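Commentary on secondary and tertiary structure
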Amino acid sequence: MYKTTSSSLLRSASSRSPLFSSRSSLTQSSSSSPAAASSPSPSSSSLLSRRPFATSSPAFRSLPRWSHCLHSRPSPFRLSSQIRTFSPVMDRLERNFSSMASEHPFKGIFTTLPKPGGGEFGKFYSLPALNDPRIDKLPYSIRILLESAIRNCDNFQVTKDDVEKIIDWEKTAPKQVEIPFKPARVLLQDFTGVPAVVDLACMRDAMNKLGSDSNKINPLVPVDLVIDHSVQVDVARSENAVQANMELEFQRNKERFAFLKWGSTAFQNMLVVPPGSGIVHQVNLEYLGRVVFNTQGVLYPDSVVGTDSHTTMIDGLGVAGWGVGGIEAEATMLGQPMSMVLPGVVGFKLSGKMRNGVTATDLVLTVTQILRKHGVVGKFVEFYGDGMSGLSLADRATIANMSPEYGATMGFFPVDHVTLQYLKLTGRSDETVAMIEAYLRANNMFVDYNEPQQDRAYSSYLELNLDNVEPCISGPKRPHDRVPLKEMKADWNSCLDSKVGFKGFAIPKEAQEKVAKFSFNGKPAEITHGSVVIAAITSCTNTSNPSVMLGAGLVAKKACDLGLQVKPWIKTSLAPGSGVVTKYLLKSGLQEYLNEQGFNIVGYGCTTCIGNSGEINESVGAAITENDIVAAAVLSGNRNFEGRVHPLTRANYLASPPLVVAYALAGTVNIDFETEPIGTGKNGKDVFLRDIWPTTEEIAEVVQSSVLPDMFRATYESITKGNPMWNELSVPENTLYSWDPKSTYIHEPPYFKDMTMDPPGPHNVKDAYCLLNFGDSITTDHISPAGNIQKDSPAAKYLMERGVDRKDFNSYGSRRGNDEIMARGTFANIRIVNKLMNGEVGPKTVHIPSGEKLSVFDAAMRYKSSGEDTIILAGAEYGSGSSRDWAAKGPMLQGVKAVIAKSFERIHRSNLVGMGIIPLCFKSGEDADTLGLTGHERYTIHLPTDISEIRPGQDVTVTTDNGKSFTCTVRFDTEVELAYFNHGGILPYVIRNLSKQ
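One structure accompanies this document, and this report is about it. Please read all numbers here as calculations on a predicted model, not as lab measurements.

The subject of this paragraph is the overall build of the protein. Along its length, the protein carries 36 helices and 34 strands. Out of the 997 residues belonging to the protein, those deemed buried represent 65%. By sequence separation, contacts in the protein at least 24 residues apart represent 76% of the contacts at least 6 residues apart. Summing over all exposed atoms, the protein offers an accessible surface of approximately 33,900 Å²; the carbon and sulfur share of this is 49%.

Below, the structure written as structure tokens:
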């Protein structure tokens, strides 16, 4: 027993390090990979391999400290006690696996994958062995769903009918059929990871109270959590910025970090990557992504769902991955199949080659605009064509990353030779890469552009000649509002003129030339409309791409050589997605020039892109507010929704890292780079953008000489050791969490209060008041608490009542583990527009019975205290933006029972269902305005009270107290979602089902 467990632990840990040749030979327990007929069922020891236990073996001491199985301190648990604790769970799993092994419906296609030199890589379920010509025409992304369904087919959670639906994709996808999907793993970042671990801890308590085994609440698939969302740009333009910002990060978040560290020891199968390691999606791309799993000799494609919408970045590596809500992710961790509608797939053909000087950022902004126009919500996009050969994997990852911005579930790039080259570059062993190629070729999942291509069927087709892509940026308020660089000055002036909206600020003509003068560090300074006050090279979208990062360095170098300098009051920053970026910037010698222009490295994580931009200089802020200046931020991020980047930057533009440097040098977005100079050189001559812009060949040369495999190996070997601040954190040793009622960071949520084993059934919505009445494009940034906590907000009042100083408020994101704060911060965005307020912008609403104007939270609590239901009216694209479970949890805690909208963003609709909120869609051509609804009515939703009488997508009647009646479509899209609704949400559903097992 000891020997088996030890070897399992060694294999599990070694698979995490690119220094080990057996990286792909993962032995992780995974409900997504049941043993097949001829493979042994997992032993209890191997299923326990993620659980830490004390050992004095030198081999164990050499393993990564943050691996799934070992941690920075010896565990108090002895192996024997673990086996006693988990034996009932293991017995159940073994029985299930054994049953699957003997009865697997597709055991006839379970075959061996031989190694070229003898022996075997493992066994796999062979798609070609089905001898079904329909499979040859399937998109590669659909083949991954098919393989998963075959491998997990038990005729209970996944049936042979489900497999047939996927094989017959051409005919079934248009019918919006439902299929189950079991991803291979789950990916979290700390903002969404903390509430996920809070929920798991709370679910253990609920199981305990129901008299069931709390240890049934354990991830059954590998869970990787990267702490990257907590670092803020408090210190910039300093050689010491990284250390200073990390110290402040730990001061603010010590309690959260300790809680996550507790989770990594209390739960099986959970890996936590410490702060300062990088951005979750770049770490996933460079290190965590397996491409092909080898679990106990069974080979299968890597697939992942994550609680961040940009999980799609891994699609560029040929790994199927997308964002889900935190509650969906938690259910996946606990072995529940993910119910999804079999998606259509848009085939996007790329041809030609990008012109000199055009960047991957220009390409992705162009692709985003094309796909938004085409309409790809709820669909996969699969890229193919001759143009693929000219796209580096980093370029592909950039395009895949922005899938949420163009609305697709995935932007998928099948594995080809470029993928294999990247895997070797990033330190994956030759043996691992050989196994990946052999498996994917054997299972018809590999694209070889050197061979004739068989036509694949797609739901619709698009094509882009890469030669047509031109330099561009996007903004000022949405990522898909692309502006060609040559048209930027005209577009900016149009925005100043236009009425307030996505492309307008309504600045009167006489005020457009206004100059705000101020003193900066004792020297005179001035800003105008369009002045850049934040310039940030940030976000996984671009910092993972060496070509644009080194391109930014070359722009900085050429500017320095010509004597240009970024104005000192512009807050400049560089936040790489991994330590690899620092290594190649240093090797190339370009970091020193970035430093000279103020782009010192500030930390390794998401910063400005998610609103962690920190404060701008007080004198700059005063000049903006006192003169009502429309100040600008330029960032290499993926989101620029109003109020997200910084409260004082009303205009926010997405641009490539080289353009971020260029706009910082120009000091304004009100410039035509073709005809106007960026500045004056040291020789007194005008300097234009073309004078400092590197050629494609220059960039390629620096990439070739500066980006090396050893950099990836060294970086990820280093982060496995943690850092001193992380390693010094002490954590409790219990498997049940000891909640501290005084904590303002971690609080036991009320989701399972008074829960019984009997489902509550569908809830009535009768005579409900309208809490909020919205127009189109209300994003999760508007709904979910994000950014800094405003001093006069309900959340601030809550904190001050508990003795928290204003300087210690921290951000909403850092306090996602406290439901009290998050409920108060829901709908607290300062830019929110609620029609009930008649044009007044801000986080307030009208309490209909009294007519009082209150904060949204205070109004919601007044309705709840008087026993009144509430609903929300909304326009199109409700809930677009980042996948945030608090955008559903918050309204639920505020008492919202239903949302009636023109349309919903995919993940947010699912999250609403997961929290027991009814999503309803107006009929086509109708909305609140056309129906004459003001929000002052009371609403009754005539939904059956018996769950058996409700069907996915059925029509329901809504009536108001003033005699209006209209029909809506109830957006429970699957039978599984109806089951969740019947139980009051997905988490109560999971608890009741696990309790019965």
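Strand residues, when the strand is regular, have side chains that alternate between the two faces of the sheet. Of the two faces of strand S22 (residues 632-635), the one lined by Ala-632 and Val-634 and the one lined by Ala-633 and Leu-635 are each fully buried. Pairing geometry for strand S20 (residues 532-537) and S22, over four bridges, is parallel. When the bridges of S22 are listed, Val-532 appears paired with Ala-632.

Three or more residues of helix H27 (residues 709-719) are buried, namely Met-711, Phe-712, Thr-715, Tyr-716 and Ile-719. Seen from one end, H27 has its buried residues packed into an arc of 115 degrees, which puts them on one side.

Right, let's get into the sheet that holds strand S14 (residues 410-412). Across the sheet, which stays open at both edges, the four strands sit in the order S14-S13-S12-S15 with parallel pairing between neighbours. Looking at which strands have only one partner, the edges of the open sheet turn out to be S14 and strand S15 (460-465). Averaged over all neighbouring strand pairs, the angle between strand axes comes to 20 degrees, with direction disregarded. Two strands pair when backbone bridges link them, and strand S12 (residues 345-351) and S15 are joined in this way by six bridges, in the parallel orientation. Of the residues in S15, the one forming a bridge with Phe-348 is Leu-462. Along the sheet face, helix H6 (residues 140-151) touches S12, strand S13 (380-384) and S14 and points at about 125 degrees away from the line of S13. Across the sheet, helix H13 (residues 360-374) is in contact with S12, S13 and S15; its angle to S15 comes to roughly 150 degrees.

So, on to the packing of helix H21 (residues 579-588) against H27. Where H21 meets H27, the closest approach of the two axes is 9 Å, and the angle between their N-to-C directions is 135 degrees. For the element pair H21 / H27, the angle class is oblique. Between H21 and H27 lies a crossing whose hand is right-handed. Counted together, Gly-579, Val-580, Lys-583, Tyr-584 and Lys-587 of H21 and Met-711, Phe-712, Ala-714, Thr-715 and Tyr-716 of H27 form the full contact between these two elements. Here the residues of the contact of H21 with H27 sort into six nonpolar, two polar and two charged.

All chains considered together, the criterion is met by 29 aromatic pairs. Aromatic pair Phe-520 and Trp-569: ring centres 6.3 Å apart, planes at 70 degrees, arrangement edge-to-face. Of the two residues, Phe-520 sits in strand S18 (residues 515-520) while Trp-569 sits in the loop between helix H20 (546-562) and strand S21 (571-574), which places them 49 residues apart along the sequence. Per residue, the accessibility class of Phe-520 equals that of Trp-569, and both read buried. In textbook terms, an aromatic cluster arises when at least three aromatic residues are bridged by ring pairs, as seen for Phe-259, Trp-262, Phe-267, Tyr-737 and Trp-739. The ring of Tyr-745 carries the charged tip of Arg-815 above its face, separated from the ring centre by 4.0 Å. Over the aromatic face of Trp-886 sits the side chain of Lys-889, whose NZ or CZ is 5.3 Å from the ring centroid.

Attention shifts here to helix H9 (residues 190-209). Over its 20 residues, H9 extends 28 Å from the first C-alpha to the last, a length consistent with the 28 Å expected when each residue adds 1.5 Å. At the N-terminal end of H9, a side-chain oxygen is found 2.7 Å from the backbone nitrogen of Phe-191, two or three residues along, and the residue is Gln-189. Note on H9: the residue one or two positions beyond its end, Gly-211, has a positive phi of about 80 degrees.

So, about the environment of Leu-665. In this structure, Leu-665 sits in helix H24 (residues 657-666). Judged by relative accessible area, Leu-665 falls into the buried class, the value being 4%. In this structure the C-alpha to C-alpha distance between Leu-665 and Val-532, which are 133 residues apart in sequence, comes to 9.3 Å. Leaving out residues up to four positions away in the same chain, Leu-665 has contacts with Ala-559, Leu-564, Gln-565, Val-566, Gln-597, Ile-678 and Ile-692.

Let us now look at the sheet that holds strand S34 (residues 965-970). Sheet architecture is closed into a barrel: seven strands sit in the order S26-S29-S30-S31-S34-S33-S32, paired in mixed fashion. Across the sheet, the mean angle from the axis of one strand to that of its neighbour is 40 degrees, orientation sign disregarded. Contacting strand S26 (765-773) and strand S29 (870-873), helix H32 (residues 856-865) crosses the sheet at an angle of about 170 degrees to S26.

As a further point, take the pattern of salt bridges. Opposite charge on two side chains lets them pair, provided their charged atoms get close. Tallied over the full model, the rule gives 44 salt bridges. A salt bridge links Arg-372 to Glu-877, with the nearest nitrogen and oxygen atoms 3.0 Å apart. Note that Arg-372 is positioned in helix H13 and Glu-877 in the loop between S29 and helix H33 (886-893), a separation of 505 residues in sequence. Accessibility expressed as a relative area gives 26% for Arg-372, which makes it partly exposed. In the salt-bridge network here, residues are joined through shared partners; they are Asp-132, Arg-134, Glu-164 and Asp-168.

All right, on to the packing of H21 against helix H26 (residues 696-706) then. Helix packing geometry: the angle between the two helix axes and the distance between the axes. Look at H21 against H26: their axes get within 9 Å of each other, and the N-to-C directions meet at 110 degrees. The angle between H21 and H26 places the two elements in the roughly perpendicular class. The way H21 lies across H26 gives a crossing that is right-handed. Contacts between H21 and H26 involve Tyr-584, Lys-587 and Ser-588 on the former and, on the latter, Val-702, Ser-705 and Ser-706. A breakdown of the residues in the contact of H21 with H26 according to their chemical character gives two nonpolar, three polar and one charged.

With omega at 10 degrees, the peptide bond leading from Gly-475 into Pro-476 counts as cis. Backbone geometry at Asn-131 places phi at a positive 55 degrees, although glycine is not the residue there. Structurally, Asn-131 can be placed in the loop between strand S2 (120-125) and helix H5 (133-136). Here Asn-269, not a glycine, exhibits a phi torsion of approximately 65 degrees, which is positive. Looking at the element boundaries, Asn-269 is found in the loop between helix H10 (241-266) and strand S6 (270-273).

So, about the side chain of Arg-456. Following the sequence through the fold, Arg-456 ends up in the loop between helix H17 (430-442) and S15. Given the relative accessible area of 12%, Arg-456 is considered buried. Among the polar contacts made by the side chain of Arg-456, one reaches the side chain of Tyr-458 at a distance of 3.1 Å. What Arg-456 contacts, discounting residues up to four positions off in sequence, is Asp-136, Lys-137, Leu-138, Pro-139, Tyr-140, Arg-143, Glu-382, Tyr-384 and Tyr-461.

Moving on, we get to the environment of Asp-767. Within the secondary structure, Asp-767 sits in strand S26. Given the relative accessible area of 31%, Asp-767 is considered partly exposed. Sequence separation of Asp-767 and Tyr-939 is 172 residues, and the distance between their C-alpha atoms is 4.9 Å. Excluding residues that lie within four positions of it along the chain, Asp-767 makes contacts with Glu-868, Arg-938, Tyr-939 and Thr-940.

In this section: the side chain of Asp-781. With respect to the helices, strands and loops of the structure, Asp-781 is situated in helix H29 (residues 780-783). One polar contact links Asp-781 to Arg-644, side chain to side chain, over a distance of 2.9 Å. Excluding anything up to four places from it in sequence, Asp-781 contacts Phe-641, Arg-644, Asn-829 and Arg-884.

Rules and cut-offs
Residues numbered from 1 in each chain as written. Predicted model: local features only at pLDDT ≥ 70, side-chain atom pairs only at ≥ 80, totals over all residues. Heavy atoms only, no water. Helix = DSSP H or I, 4+ residues; strand = E, 2+ residues; numbered from the N terminus. Buried < 20%, exposed > 50% of the residue type's maximum accessible area, 1.4 Å probe, protein only. Contact = heavy atoms within 4.5 Å. Areas by Shrake-Rupley, 256 points an atom, 1.4 Å probe, with all protein chains shown as cover. Pairing = 2+ DSSP bridges. Arc of directions from axis to C-beta. Axes fitted to C-alpha atoms, helices over the stretch in contact; angles between N-to-C directions. Parallel < 35°, antiparallel > 145°, perpendicular 65-115°, else oblique. Left-handed = near helix turned anticlockwise from the far one by under 90°. Nonpolar A, V, L, I, M, F, W, Y, C, P; charged D, E, K, R; others polar. Phe/Tyr/Trp six-rings, centres within 6.5 Å; stacked < 30°, edge-to-face > 60°. Lys NZ or Arg CZ within 6 Å of the ring centre and 35° of its normal. Expected span 1.5 Å × (residues − 1). Polar contact = N/O pair within 3.5 Å; in protein donor to acceptor, adjacent residues only side chain to side chain. Salt bridge = Lys/Arg side-chain N within 4 Å of Asp/Glu carboxyl O.

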